[in-house]
Amino acid sequence: MTTTAPTAVNARVIALAHHAGRALLEDVLVRHGVTFHQSVTLRAVVAAGEFIGRDELVGDVSGSLKTDASVVRGVIEELTAAKLLEEDPAHASRMRLTDAGRELYESTSAESADIAARLYAGIPAEDLAIAGRVLALVTERANAELAGA
């Protein structure tokens, strides 16, 4: 393992970390035949619980990915066509994972958790907490600027 001299946090350092981690995740997703946008959408459904309203899901994912709602609606349709996501039979405006969708989510999540464990191994919990707070603040400020744009 090689280490580098301490680097000040800036947009480039954050972007490099994001892209390196995402590349590792994309390798997992490709093996399972799912896209990054589809993975984020499945995760949003899981985070919401058993069901999530379609409009709420579109808002959550488009906000997370900073993408147009029409793109997210297309992703929902892809997941529905692939039988990974379905409408709640009792309330057509709500979405839920199918058994296949839950299995896919659990499999890709387990693999990505293994990657994260390797990436964060040996980093003191205090450092991770500080990094988490800093990145949450940067995200909050960027979101505020986007909302004002």
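The structure we're discussing is the one just above.
I will try to describe carefully the structure that is included in this document. (Residues numbered from 1 in each chain as written. Predicted model: local features only at pLDDT ≥ 70, side-chain atom pairs only at ≥ 80, totals over all residues. Heavy atoms only, no water.)

### A closer look at unusual backbone geometry
Now for step 1: Not every positive phi belongs to a glycine, and Lys66 is a case in point at roughly 55°.
Now for step 2: Following the sequence through the fold, Lys66 ends up in the loop between helix H3 (54–65) and helix H4 (69–81).
Now for step 3: If you check the backbone angles, Lys83 has positive phi at about 60° while not being a glycine.
Now for step 4: Within the element layout of this structure, Lys83 appears in the loop between H4 and strand E2 (85–88).
Now for step 5: Classification of Lys83 by relative accessible area gives exposed; the value is 60%. (Helix = DSSP H or I, 4+ residues; strand = E, 2+ residues; numbered from the N terminus. Buried < 20%, exposed > 50% of the residue type's maximum accessible area, 1.4 Å probe, protein only.)

### Looking at the sheet that holds E2
Now for step 1: As summarised here, the arrangement of the three strands in space is E1-E3-E2, forming an open sheet in which the pairing is antiparallel. In the strand order of this sheet, the two ends are held by strand E1 (52–53) and E2, each with one partner.
Now for step 2: In the sheet, E2 pairs with strand E3 (residues 91–97) via four bridges, with the strands oriented antiparallel. If you follow Leu85 over to E3, its bridge partner there is Leu97.
Now for step 3: Strands in contact with helix H2 (residues 36–48) are E1, E2 and E3; relative to E3, the strand with the most contacts, it is inclined by about 105°. (Pairing = 2+ DSSP bridges. Contact = heavy atoms within 4.5 Å. Axes fitted to C-alpha atoms, helices over the stretch in contact; angles between N-to-C directions.)

### A look at the pattern of salt bridges
Now for step 1: Per the counting criterion, the structure on display carries six salt bridges.
Now for step 2: A salt bridge links Glu111 to Arg31, with the shortest nitrogen-to-oxygen separation between them at 2.3 Å. One end of the pair, Glu111, is in helix H5 (residues 99–120); the other, Arg31, is in helix H1 (residues 11–32), and 80 residues separate them in sequence.
Now for step 3: Across the pair Arg96 and Glu86 runs a salt bridge whose closest N-O atoms are separated by 2.7 Å. (Salt bridge = Lys/Arg side-chain N within 4 Å of Asp/Glu carboxyl O.)

### Looking at H2
Structurally, the α-helix is built with 3.6 residues per turn, so residues lying three or four positions apart point the same way.
Now for step 1: Relative to the 18 Å expected for 13 residues at 1.5 Å per residue, H2 spans 18 Å between its end C-alpha atoms, a close match to the ideal helical length.
Now for step 2: In the stretch just after H2, Gly49 is the one whose phi turns positive, near 110°. (Expected span 1.5 Å × (residues − 1).)

### Some remarks on the packing of aromatic side chains
Now for step 1: Applying the stated criterion across every chain yields a total of zero aromatic pairs.
Now for step 2: The ring of Phe36 has Arg22 sitting right over it, with the charged end atom 3.7 Å from the ring centre.
Now for step 3: Sitting over the ring of Phe51, Arg94 keeps its end group 4.4 Å from the ring centre. (Phe/Tyr/Trp six-rings, centres within 6.5 Å; stacked < 30°, edge-to-face > 60°. Lys NZ or Arg CZ within 6 Å of the ring centre and 35° of its normal.)

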